[in-house]
Amino acid sequence: MPDHFSLLLEWRRNEAATRGLAKLPHDFYAATTSYLAEVRQSYEADLRENPSGRKGDLSRQTYQRASQVARDIVEGRAQKVLAAAFQASIGGSRDLPNALPDERAMYDRIVGTLLDYRRHTSPYLETGPAPGGPASPPPSLPPAEVRAGPTAAPAPSPRAPAPPATAYVRILKDGRPLEVGSETIDLRAEDVLSLPEDKARLLVAGRVAEAIVPPARPNVT
């Protein structure tokens, strides 16, 4: 069976090769923490016994390399969980294949936080019914009361809805496809997109994109 350091290298390669979460053993976090603790304890003991010895120095280098590889895996998966949570908060799928229990718990918390943010700051983005259900219509007045009441003024003609405001963003890294109206847009690094302001704000908040502010137009005299 390969040693844990070789497994870490293989897992990092797999993680970098897929846009979603790569498959990891269910005990990845616990086993990696235990492995790194053992390697550190070993090289510290070797260096105490012989500070200038080759064995202790090699063990220390192994610990540093293994720690970096593990960090790459953890941070890469965290970025994917964050991007998936953002997509779910704007109506995307809630599926998160190959997520480990701790990652799924983090994903659910982030989705909940993003949904709360939308409800509190931009309730007009929510198109579904209110949590309490649709409001009941007011009771009808008896015919006598209707005749006695003042004549209602004709309702004003509804105005055509104003077109949604747009914003320009530059995509910082590849991400999962984004649904904009009836279209699906692939998020690829360095692309410049024109999006509705609410979706642009969420991409910037999730560090998937950066806002592009057009230069101010000069005053004409």
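Going by the structure above, here's the rest.
Below: a short report on this structure. In this text the structure is predicted, and so the values were computed from the model without any measurement. (Residues numbered from 1 in each chain as written. Predicted model: local features only at pLDDT ≥ 70, side-chain atom pairs only at ≥ 80, totals over all residues. Heavy atoms only, no water.)

## Examining the environment of D3
Here is step 1: If you trace the backbone, D3 turns up in the segment before α1 (4-16).
Here is step 2: Using a relative accessible area of 43% as the deciding quantity, one classes D3 as partly exposed.
Here is step 3: Sequence spacing of D3 and Y35 is 32 residues, and the spatial spacing of their C-alpha atoms is 9.9 Å.
Here is step 4: Side-chain polar atoms of D3 contact the backbone nitrogen of F5, separated by 3.1 Å.
Here is step 5: A polar atom in the side chain of D3 sits 3.0 Å from the side chain of S6. (Helix = DSSP H or I, 4+ residues; strand = E, 2+ residues; numbered from the N terminus. Buried < 20%, exposed > 50% of the residue type's maximum accessible area, 1.4 Å probe, protein only. Polar contact = N/O pair within 3.5 Å; in protein donor to acceptor, adjacent residues only side chain to side chain.)

## What about the pattern of salt bridges?
Here is step 1: For the structure on display, the rule yields nine salt bridges.
Here is step 2: Between E44 and R40 there is a salt bridge, with the nearest N and O atoms lying 3.0 Å from each other. One end of the pair, E44, and the other, R40, are both in helix α2 (residues 28-49), four residues apart, so they sit about a helical turn from each other.
Here is step 3: Residues joined by salt bridges that share partners form a network here, namely E15, R77, K80 and E103. (Salt bridge = Lys/Arg side-chain N within 4 Å of Asp/Glu carboxyl O.)

## Notes on the packing of α1 against α2
Here is step 1: For the pair α1 and α2, the least separation of the axes is 11 Å and the interaxial angle reads 135°. As judged from the angle between their axes, α1 and α2 are oblique. By crossing handedness, the relation of α1 to α2 is classed as left-handed. The residues of α2 that touch α1, namely those facing H4, F5, L8 and W11, are F28, A31, T32 and Y35. (Axes fitted to C-alpha atoms, helices over the stretch in contact; angles between N-to-C directions. Parallel < 35°, antiparallel > 145°, perpendicular 65-115°, else oblique. Left-handed = near helix turned anticlockwise from the far one by under 90°. Contact = heavy atoms within 4.5 Å.)

## Focus: a nonpolar patch on the surface
Here is step 1: A cluster of nonpolar residues, Y168, V192 and I212, forms a patch on the protein surface that exposes about 280 Å² of accessible area.
Here is step 2: You can see I212 is positioned in strand β5 (residues 209-212).
Here is step 3: The exposure class of I212 is partly exposed, given its relative accessible area of 34%. (Patch = residues over 30% accessible without salt bridge, like charges linked within 9 Å, V, L, I, M, F, W, Y side chains within 5 Å. Areas by Shrake-Rupley, 256 points an atom, 1.4 Å probe, with all protein chains shown as cover.)

## Structural notes on the nonpolar core
Generally speaking, soluble globular proteins have nonpolar side chains that are buried together.
Here is step 1: Judged by nonpolar contacts, the single largest core of 16 residues is most densely connected at L8, W11, F28, Y35 and I73.
Here is step 2: For this core, the elements supplying multiple residues, two or more each, are α1, α2 and α3 (54-89).
Here is step 3: If we ignore the near neighbours within four places in the chain, the residues touching I73 are L8, W11, R12, L24 and F28.
Here is step 4: Ranked by size, the runner-up nonpolar core spans 14 residues in total, among them I90, I185, A200 and A209. (Core = buried A, V, L, I, M, F, W, Y, C linked by side-chain atoms within 4.5 Å.)

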